[in-house]
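# Overview (structure and organization)
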Amino acid sequence: MTLLETSVRLLPAVGMFTWAWTMIAVPLAVAAFLLLAGKVADRWGHFVAVGAVVYSFSIAACLFAEMVGMAPDHRAVDAPLYTWFKVGVWEFPVGFQIDQLSILFALLITGVGSLIHVYSIGYMAHDERRRRFFAYLNLFVAAMLTLVLADNYLLLFVGWEGVGLASYLLIGFWQHKPSAAAAGNKAFIMNRVGDLGMIFAIGSFLAQVGTVRFDAVNSMIGAVDSGWATAIGLFLLLAACGKSAQFPLQGWLLDAMEGPTPVSALIHAATMVTAGVYLIVRSHAVYEHTPFASMAVVIIGTVTLLLGAWIGSSKDDIKKVLAGSTMSQIGYMILAAGIGGPALALAIFHLLTHGFFKANMFLGAGSVMHAMDDDVNMRHYGALRKELPITHATFLMGYMAIIGVPGWAGYFSKDLIIDAAVEFRWFIGALAIAGAGITAFYMTRLMFMTWWGKARWRPGVHPHESPKVMTWPLVILAFFSVVGGMLMFWWIQTWLQPLLGYHETMPFEPFTSLPGWATLAVVVLGVVLGWYTFGRPEVTIPIEAPKANAFVTMGRNDAYADAIMDVAVVQPYAALGRGIVGADAHLVDAGFMGMGTLLQGVSESLRKLQTGYVRTYALTMTAGVLLVGLVMILSRMG
Amino acid sequence: MNTATAPVIEYVALMPILILLGAACIGILVEAFLPRHHRFHTQLVIVGAAIVGAFIRLIANWRQGRSGIMAMGSLTLDGPTYVMWSGLLVFGLLAVLVFAERKANGGVTTFAASAATTPGSKAEATASAARIEHTEIFPLFLFSLAGMMLFLAANDMLTLFVALEVFSLPLYLMCGMARRRRLLSQEAALKYFLLGAFSSAFFLFGVALVYGYTGSFTFGDIAIAVTLPTQGRGLLITGLALMVVGVLFKIGAVPFHNWTPDVYVGAPTPVTGFMAICTKAAASMALLRLLYTAFGGERWSWQPVLMVIAILTMLLGAVFGLTQTDVKRLLAYSSVAHAGFILTAVVGAQGIVATGQLTSVGAVMFYLIAYGFATIGAFAIVTLVRRSGGETNAMDDWAGLGRRSPVLAGIFSFFLLSFAGIPLTAGFIGKWAAFESAWRGGYKWLVVVAVIASLIAAFFYLKLIMIMWFQPPAEGVEVAVPSALTWVPIIVGALATLLLGVAPGLLLDVVSTADVFLR
């Protein structure tokens with residue numbers, strides 16, 4: 001039984017571990033302080049915020065170092081804080097589980113978080129509400145740490161809601177933009193749908209297992225009826241879909257790009273959106289009992305990794321391309337988490353490398369926007385390589401990491417997932433490989449439209465490199481985008497084994513396996529296609545997005561091939577992408593909003609009963625008395 | 001044999017109520033004999049001293065363990081009485097502080113200068129110009145508060161009825177005393193009075209029928225009579241139904257809720273705040289005591305009824321709330337929905353439980369206290385949003401409050417989150433306790449309905465939060481700067497809501513040791 005193997009024995013916290021809670025408390029206190037301090041803290045408040053995150057990072061790093069020094073079975077530690085409340089037979093503790101999984105997350109959140117805090121000093125320098133921005137960022141860090149360090153589902157849910165709140169506040173941070181406020185709302189509503197899954201899952205745990213603690217749930221889930229296990233698995237998947245922008249709840253992530261770019265980097269690329277992956281990996285014991293729910297996870301992951309890649313190919317807004325790409329990459333992680341077994345560790349591995357290179361590229365995009373007067377349309381970019389050399393170099397590292405150039409971070413983690421997918425079901429593997437090709441295509445498109453080719457700048461725009469406070473975080477993240485994979489691939493699977501089960505580790509066979517070669521070939525194909533469509537010297541990228549009849553207006557000879565390309569590949573592709581985006585906007589949104597509209601309608605018609613006349617009210621009361629009488633008589637008869 | 005025994009009254013044990021009633025009488029004498037310009041402060045001191053004094057005596061009695069059936073069998077002092085009396089005194093004190101707010105209203109209270117004058121008449125204008133204030137509101141408030149305390153401790157049907165009237169009559173008057181929008185206020189008072197009288201008639205008729213069947217007024221005797229198999233049970237059942245209707249009216253349960261929105265909107269906001277929590281608390285506890293002690297043997301009759309009422313109340317309250325455009329009306333429907341959640345716990349009827357578990361009484365008490373702090377604070381904030389000097393409740397005017405006054409909007413949002421039952425607020429724990437009580441009572445699907453209703457309700461709370469934070473500020477709206485009298489209830493409400501959400505054990509421990517009714 002893998003069950004018994006995975007039921008982790010938690011040791012009581014000693015030494016440094018008893019201070020783990022301050023990782024959360026310090027940013028939280030600073031957030032409160034900054035919100036309450038008022039204008040006096042405007043000039044120096046952001047430094048306090050940076051300090052708080054750096055503090056959390058140093059604690060996480062120390063804990064990690066201590067854990068490395070311990071025997072593998074003694075690394076998982078439980079640090080209970082106090083009993084939150086006790087109602088009936090159920091008890092809800094507030095406590096933190098610091099183990100191999102949560103410490104990696106804590107390092108990612110605080111590490112990337114620190115860099116993004118530093119970057120934001122420059123990015124938000126001219127924003128008059130900078131203090132508030134940093135307060136929200138700190139709030140986010142505290143909530144995200146609560147999410148990953150919690151030792152039970154209810155406390156996890158508190159963090160879950162907390163990151164939702166912080167994300168909502170930060171997406172809508174520029175409230176003066178109506179689109180920003182609307183985007184905040186959309187994110188909010190879609191996340192509520194996901195929360196429903198979380199609530200149902202917690203309820204089911206209580207009803208079936210009687211506790212919400214991870215260790216107890218993990219060891220007792222085997223006794224639960226398989227129907228319930230499937231239901232719980234699906235509830236958790238729904239929750240994960242909402243938070244991680246997976247199909248069919250993916251729509252909000254594109255709109256969330258209205259927020260300031262550091263927010264997109266921290267929340268909507270590196271950390272919060274990966275919470276769904278964390279949830280599924282954390283609940284792996286549940287999925288071991290339900291092949292059906294596991295398959296659902298795999299399917300959702302696969303659909304999203306293709307969908308996200310499509311969306312990424314059809315957008316002109318640089319941030320939305322990256323957002324589509326984020327969906328797609330999280331799709332890979334969800335896919336791995338659904339496959340389970342040895343692939344669980346790969347989901348976390350890809351999550352970490354993705355955290356580096358996607359944060360890097362988002363911050364790079366922010367640097368570009370900074371240079372281009374906050375224009376996000378790539379059709380107005382081009383040839384920025386010379387003007388922003390540092391950003392270009394760092395972005396290039398991110399690009400090579402995401403498409404999976406051998407040696408770069410993404411290569412290790414994505415190829416392992418593809419291997420696992422091929423081993424799981426060959427067609428899932430094939431789709432995952434196809435996804436890698438599309439990724440190479442749209443990222444190449446992004447590179448050509450933004451960095452290379454001809455300048456299509458709008459008049460009056462004078463691109464310039466960002467200040468050092470912004471470029472240094474980029475350089476550090478670029479460094480990890482390159483070496484992150486090499487640093488981790490040889491130990492991360494065994495590191496997570498005591499927690500996720502002693503499965504055989506996936507061997508890393510770069511140039512010997514067929515899937516490995518196939519992936520490389522598809523990636524090369526994608527890059528070439530991207531170059532052929534957008535990068536050849538004779539191609540001019542129109543400043544306005546081409547209409548469906550674009551090939552008519554295009555030139556004859558040279559552009560002929562281009563036109564065929566356009567008709568045969570780009571247009572259907574873009575149309576499909578647009579179609580998918582449209583279907584998302586109309587069908588899925590309509591479904592969610594429809595429920596609200598229906599209730600509103602019911603409410604409107606019921607309102608007519610509230611006439612304001614005492615006689616009507618008295619009549620209603622009399623009817624009520626009859627109702628009470630009737631129910632009493634009926635219940636006595638029955 | 002015509003010797004009448006003198007009634008034995010436990011004066012010390014009943015001192016908290018006696019202090020309030022005595023202070024109310026003194027307040028009336030003050031109105032009669034003191035010059036007008038001295039009255040306000042004198043009344044304020046009397047009310048404050050009375051409530052604090054009553055509270056201290058109450059706690060002392062509690063610690064000395066004075067419990068039992070008092071005053072010749074007409075009142076019960078037991079755990080629930082002590083808990084909810086303390087609750088009522090605290091909420092009463094916080095509410096009356098808002099009554100006394102003058103700074104935010106240009107130096108006068110929010111109560112009519114001369115409630116007897118015709119709205120719009122010359123006499124009214126003269127009274128307003130002379131900056132006259134009605135300080136009778138304070139004795140009225142004390143009478144009402146004392147009536148509520150009696151209501152939830154009453155151990156016989158007559159005391160129950162008298163207490164009902166004692167707390168209702170002053171409330172009718174207080175509702176009609178708004179300084180602004182007087183016609184609306186008077187209409188509300190009249191509606192409340194007419195419908196209240198109507199429901200009292202039902203209640204009294206029910207009392208008569210139950211007396212006819214059992215031959216006794218006291219709960220203990222009724223409980224015994226109920227268990228005896230006798231003919232003519234229809235009398236008992238009808239009487240029970242009518243009494244329940246009378247109390248449900250005060251709680252504001254559907255379909256006896258119609259008055260709530262109109263009265264909440266029309267009444268002066270400080271009175272609405274007082275009414276919203278204290279009436280609900282007193283009536284809920286009285287309903288619990290009536291059903292659990294007197295009619296515990298008939299629970300198979302009343303549980304289905306209350307279940308139907310609870311479902312109607314939760315769903316209608318939540319659905320109605322969706323389309324409201326007025327903040328006070330929204331809070332009124334929210335209060336209706338909350339009545340439904342409380343009834344959910346009542347239906348569970350978990351009387352005897354293992355140690356460490358909460359009875360239904362305990363769950364209801366926690367819910368009421370959690371809801372009370374947020375309610376008092378929320379209505380206190382409602383008094384502060386103004387347009388051209390008068391309070392404005394239109395939601396459109398609340399738009400962008402977050403930018404105009406982030407602290408108040410933040411606290412208000414926090415209260416709304418507590419109403420919605422979001423974790424880390426007191427409301428969450430309250431809902432949890434209430435639903436758990438119904439769940440263990442075997443009403444699992446009622447809990448499912450309750451969860452759905454709370455999700456619907458959450459939607460309109462969140463809508464209001466969005467309006468406050470993500471819409472441009474409305475023109476011509478200002479936020480009044482209040483004195484400490486309004487700030488104290490707001491801050492205390494917010495802190496208590498947070499504290500009970502983060503460390504509910506403080507209160508849960510208290511209610512779980514004092515959650516069984518004495519028979």
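Each chain carries its own residue numbering, running from 1 in the direction its sequence is written. All chains are assigned letters beginning at A, and all ligands numbers beginning at 1, according to the order in which they are written. In keeping with the predicted nature of the model, local features appear solely for residues at pLDDT of at least 70, side-chain atom pairs appear and are counted solely at 80 or more, and the whole-chain, interface and lining totals rest on all residues. The side-chain quantities take in all heavy atoms of the structure and omit both hydrogens and water.

Okay, the overall build of chain B next. The secondary structure content of chain B amounts to 20 helices and 5 strands. A radius of gyration in this sense is built from C-alpha atoms; the matching globule rule multiplies 2.2 Å by the number of residues raised to 0.38. The C-alpha atoms of chain B give a radius of gyration of 22 Å, which matches the 24 Å a tight globule of 519 residues would have. By the burial criterion, 66% of the 519 residues in chain B qualify as buried. Throughout, the Shrake-Rupley method with a 1.4 Å probe supplies accessible areas, and for residues the shown protein chains are the sole cover considered. Just so you have it, chain B exposes about 16,900 Å², and 70% of that area is on carbon and sulfur atoms. Between the averaged position of the 30 positive side-chain charges in chain B and that of its 22 negative side-chain charges there is a distance of 3 Å. In this description a helix means any DSSP run of H or I spanning at least four residues, a strand means any run of E spanning at least two, and both kinds are numbered starting from the N terminus. Any residue under 20% of the maximum accessible area for its type is buried, any over 50% is exposed, and the rest in between are partly exposed; the area is computed with a 1.4 Å probe on protein chains only. For this count, His and the chain ends are skipped, Lys and Arg are scored as positive, and Asp and Glu as negative. All charge positions are set by atom: Lys at NZ, Arg at CZ, Asp at CG, Glu at CD.

Helix and strand content of chain A: 25 helices and 3 strands. When burial is assessed residue by residue, chain A has 61% of its 638 residues classed as buried. In this analysis, two residues are considered to be in contact whenever any of their non-hydrogen atoms come within 4.5 Å of each other. Within chain A, contacts between residues at least 6 apart in sequence are counted, and of these 82% link residues at least 24 apart.

Next up on the list: the packing of helix H16 (residues 343-371) of chain A against helix H18 (residues 409-424) of chain A. Residue and element names in this part refer to chain A. Here an angle of 0 to 180 degrees is reported between the N-to-C directions of two axes, which are lines fitted to C-alpha atoms, with helices fitted over the stretch in contact. At a minimum axis separation of 9 Å, H16 and H18 run at an interaxial angle of 150°. Put simply, H16 runs roughly antiparallel to H18. Between H16 and H18 lies a crossing whose hand is left-handed. Here Ala-343, Leu-346, Phe-349, His-350, Thr-353 and Phe-357 of H16 lie close against H18, whose contacting residues are Ala-409, Gly-410, Phe-412, Ser-413, Lys-414, Leu-416, Ile-417 and Ala-420. Classes in brief: Ala, Val, Leu, Ile, Met, Phe, Trp, Tyr, Cys and Pro nonpolar; Asp, Glu, Lys and Arg charged; the others, Gly included, polar. Residue composition of the contact of H16 with H18, by class: 9 nonpolar, 4 polar and 1 charged. Reported orientations rely on four angle classes, namely roughly parallel under 35 degrees, roughly antiparallel over 145, roughly perpendicular from 65 to 115, and oblique for the rest. We call a crossing left-handed when the near helix sits turned anticlockwise from the far one by less than a right angle, and right-handed when that turn is clockwise.

Attention now goes to the packing of aromatic side chains. All names here are of chain A. In summary, the pairing rule links any two rings of Phe, Tyr or Trp, Trp by its six-membered ring, whose centres are within 6.5 Å, and it sorts them by plane angle into stacked for under 30 degrees, edge-to-face for over 60 and tilted for everything else. Using the criterion set out here, one finds 48 aromatic pairs over all chains in the structure. Seen from their ring centres, Phe-441 and Phe-534 are 6.1 Å apart, and the 50° between their planes marks the pair as tilted. On the criterion of sequence distance, the pair formed by Phe-441 in helix H19 (residues 426-450) and Phe-534 in helix H22 (residues 514-535) is long-range, its members being 93 residues apart. Both residues of the pair, Phe-441 and Phe-534, count as buried. Charge-over-ring placement is defined geometrically: NZ (Lys) or CZ (Arg) within 6 Å of the ring centre, and within 35 degrees of the ring normal. Against the face of Phe-173 rests Arg-129, its NZ or CZ located 4.5 Å from the ring centre. One Lys or Arg, Arg-425, reaches over the ring of Phe-424 and ends 4.6 Å from the middle of that ring.

A few words now on the side chain of Ser-284 of chain B. Residue and element names in this part refer to chain B. Counting through the fold element by element, Ser-284 comes out in helix H11 (residues 269-294). On the basis of relative accessible area, Ser-284 is assigned to the buried category, the value being 1%. For the purposes of these results, a polar contact is taken to be a pair of N or O atoms within 3.5 Å, where, inside protein, one atom must be able to donate a hydrogen and its partner to accept one; residues adjacent in sequence count only when each atom of the pair is a side-chain atom. A distance of 2.6 Å separates the side chain of Ser-284 from the backbone oxygen of Lys-280, its partner in a polar contact. In this structure Ser-284 touches Ile-251, Ile-342, Val-364 and Leu-368, once residues within four positions along its chain are discounted.

When two helices pack together, their arrangement is given by the angle between their axes and by how far apart the axes lie. All names here are of chain B. Following both chains from N to C, one finds helix H2 (residues 36-63) and helix H5 (residues 137-153) inclined at 20°, their axes separated by 10 Å at the closest point. What the angle tells us is that H2 and H5 run roughly parallel. Of the two elements, H2 crosses H5, and the hand of that crossing is left-handed. When H2 is examined against H5, the residues Phe-40, Gln-43, Leu-44, Val-47 and Ile-51 are found in contact with a partner set consisting of Phe-138, Pro-139, Phe-141, Leu-142 and Leu-145. Here the residues of the contact of H2 with H5 sort into 9 nonpolar, 1 polar and no charged.

Let us look at the interface of chain A and chain B. Frequently, the measure chosen for interface size is the accessible area that the parts lose on association. Contacts between the two partners involve 45 residues from chain A, matched on the other side by 64 residues from chain B. A 1.4 Å probe defines the accessible area here, and the buried area is the portion of it lost by two parts on being joined, summed over both. Overall, the association of chain A and chain B removes approximately 4,900 Å² of surface from exposure, summing both partners, and the carbon and sulfur fraction of that is 75%. By salt bridge we mean one thing: a side-chain nitrogen of Lys or Arg within 4 Å of a carboxyl oxygen of Asp or Glu. The interface formed by chain A and chain B holds 0 salt bridges in total. Summed over the shared surface of chain A and chain B, the number is 2 residue pairs in polar contact (both at pLDDT 80 or more). Only strand E2 (77-87), strand E3 (90-98), helix H6 (153-171), helix H7 (178-208), helix H24 (557-607) and helix H25 (614-637) of chain A provide two or more residues apiece to the side of chain A that touches chain B. Ranked by residues supplied to the side of chain A that touches chain B, first place goes to H25 of chain A with 14 residues.

This part covers a nonpolar patch on the surface. Residues and elements named next belong to chain A. The grouping of Trp-19, Trp-21, Leu-81 and Tyr-82 at the surface amounts to a nonpolar patch, some 410 Å² of accessible area in total. Looking at where Tyr-82 falls in the secondary structure, it is placed in strand E2. For Tyr-82, a relative accessible area of 34% corresponds to the partly exposed category. Residues form patches when they are more than 30% accessible in relative terms and have no salt bridge. Like charges link within 9 Å. Nonpolar side chains (Val, Leu, Ile, Met, Phe, Trp, Tyr) link within 5 Å.

The subject of this paragraph is helix H20 (residues 468-488) of chain A. Every α-helix winds through 3.6 residues per turn, so residues three or four apart in the chain are directed the same way. All names here are of chain A. Between the first and last residue of a helix there are one fewer steps than residues, each counted as 1.5 Å, and that sum is the expected span. For H20, which comprises 21 residues, the first-to-last C-alpha distance of 29 Å matches the rise-based estimate of 30 Å (1.5 Å per residue) to within 8%. Considered for burial, the residues of H20 that qualify are Met-470, Thr-471, Pro-473, Leu-474, Leu-477, Ala-478, Ser-481, Val-483, Gly-484, Gly-485 and Met-488. Residues of H20 that are buried make contact with helix H4 (100-123), H16, helix H17 (389-403), H18 and helix H21 (492-500).

Another aspect to go through is helix H1 (residues 15-33) of chain B. Residue and element names in this part refer to chain B. Taking 1.5 Å of rise per residue, 19 residues should cover 27 Å, and H1 covers 26 Å from first to last C-alpha, within 8% of that figure. Within the sequence span of H1, burial applies to Pro-16, Ile-17, Leu-20, Ala-23, Ala-24, Gly-27, Val-30 and Glu-31. Viewed end-on, H1 has its buried residues packed into an arc of 140°, placing them on one side of the element. What points out from H1, more than 90 degrees from its buried face, is the exposed set Ala-32 and Phe-33. Buried residues in H1 make contact with H2, helix H3 (79-99) and H5. Read the arc as the range of directions from the helix axis to the C-beta atoms.

The next subject is the pattern of salt bridges. Summed over all chains, the structure comprises 18 salt bridges over all chains. The shortest N-O distance in the salt bridge between Arg-379 of chain A and Asp-316 of chain A comes to 2.8 Å. One end of the pair, Arg-379 of chain A, is in the loop between H16 and H17; the other, Asp-316 of chain A, is in the loop between helix H14 (291-314) and helix H15 (318-339), with 63 residues separating them in the sequence. Its salt-bridge partner being Arg-329 of chain B, residue Asp-262 of chain B comes within 3.1 Å of it at the nearest N-O pair.

Residues and elements named next belong to chain B. The sheet built from 3 strands is open, its strands ordered E4-E3-E5 with antiparallel pairing. Both outer strands of the open sheet, strand E4 (390-391) and strand E5 (477-479), are each paired with one neighbouring strand and no more. One bridge is not enough; two strands pair if DSSP finds at least two bridges between them. Relative to E4, strand E3 (residues 385-387) runs antiparallel, the two being bridged by 2 bridges. Bridging from a neighbouring strand, Arg-387 pairs with Gly-390 of E4.

A few words now on the side chain of Thr-444 of chain A. Looking at the secondary structure, you find Thr-444 of chain A in helix H19. When near neighbours in sequence (up to four residues on either side) are disregarded, Thr-444 of chain A contacts Tyr-399, Gly-526, Val-527, Gly-530 and Trp-531 of chain A.

To continue, consider the confidence of the model for chain A. All names here are of chain A. Per-residue confidence for chain A averages 82 on the pLDDT scale, and 87% of its residues sit at or above 70. Within a predicted model, pLDDT stands for the predictor's per-residue confidence, ranging from 0 to 100. Element-level pLDDT for chain A is lowest in helix H23 (residues 550-553), with a mean of 36, against a maximum mean of 93 in helix H12 (residues 275-282). Segment residues 1-6: pLDDT under 50, and 12 contacts once partners within four positions in sequence are set aside and those in other chains are kept.

Residue and element names in this part refer to chain A. Topologically, Asn-152 is positioned in the loop between helix H5 (130-149) and H6. Since its relative accessible area comes to 1%, Asn-152 is described here as buried. The sequence separation of Asn-152 and Phe-92 amounts to 60 residues, and the corresponding C-alpha distance is 8.3 Å.

To continue, consider unusual backbone geometry. A cis amide bond links Val-254 of chain B with the next residue in sequence, Pro-255 of chain B, at an omega value of 0°. Within the element layout of this structure, Pro-255 of chain B appears in the loop between helix H9 (233-251) and helix H10 (259-266). Not every positive phi belongs to a glycine, and Ala-245 of chain A is a case in point at roughly 55°. Locating Ala-245 of chain A in the fold gives a position in the loop between helix H9 (226-244) and helix H10 (251-255). You will see that Asp-374 of chain A, though not glycine, has its phi angle at about 65°, which is positive. Along the chain, the position of Asp-374 of chain A falls in the loop between H16 and H17.

Attention shifts here to the confidence of the model for chain B. Residue and element names in this part refer to chain B. On average, chain B scores 90 in pLDDT, and the residues at 70 or more come to 98%. When the elements of chain B are averaged for pLDDT, E4 gives the smallest value, 84, and H5 the largest, 96. For this predicted complex, the interface confidence comes out at an ipTM of 0.85, alongside a pTM of 0.75.

A word on the environment of Asp-419 of chain A. All names here are of chain A. Looking at the element boundaries, Asp-419 is found in helix H18. Spatially, the C-alpha atom of Asp-419 lies 40 Å from that of Trp-19, the residues being 400 residues apart in sequence. For Asp-419, the residues in contact, after removing those within four places along its chain, are Met-506, Ser-513, Pro-515 and Gly-516.

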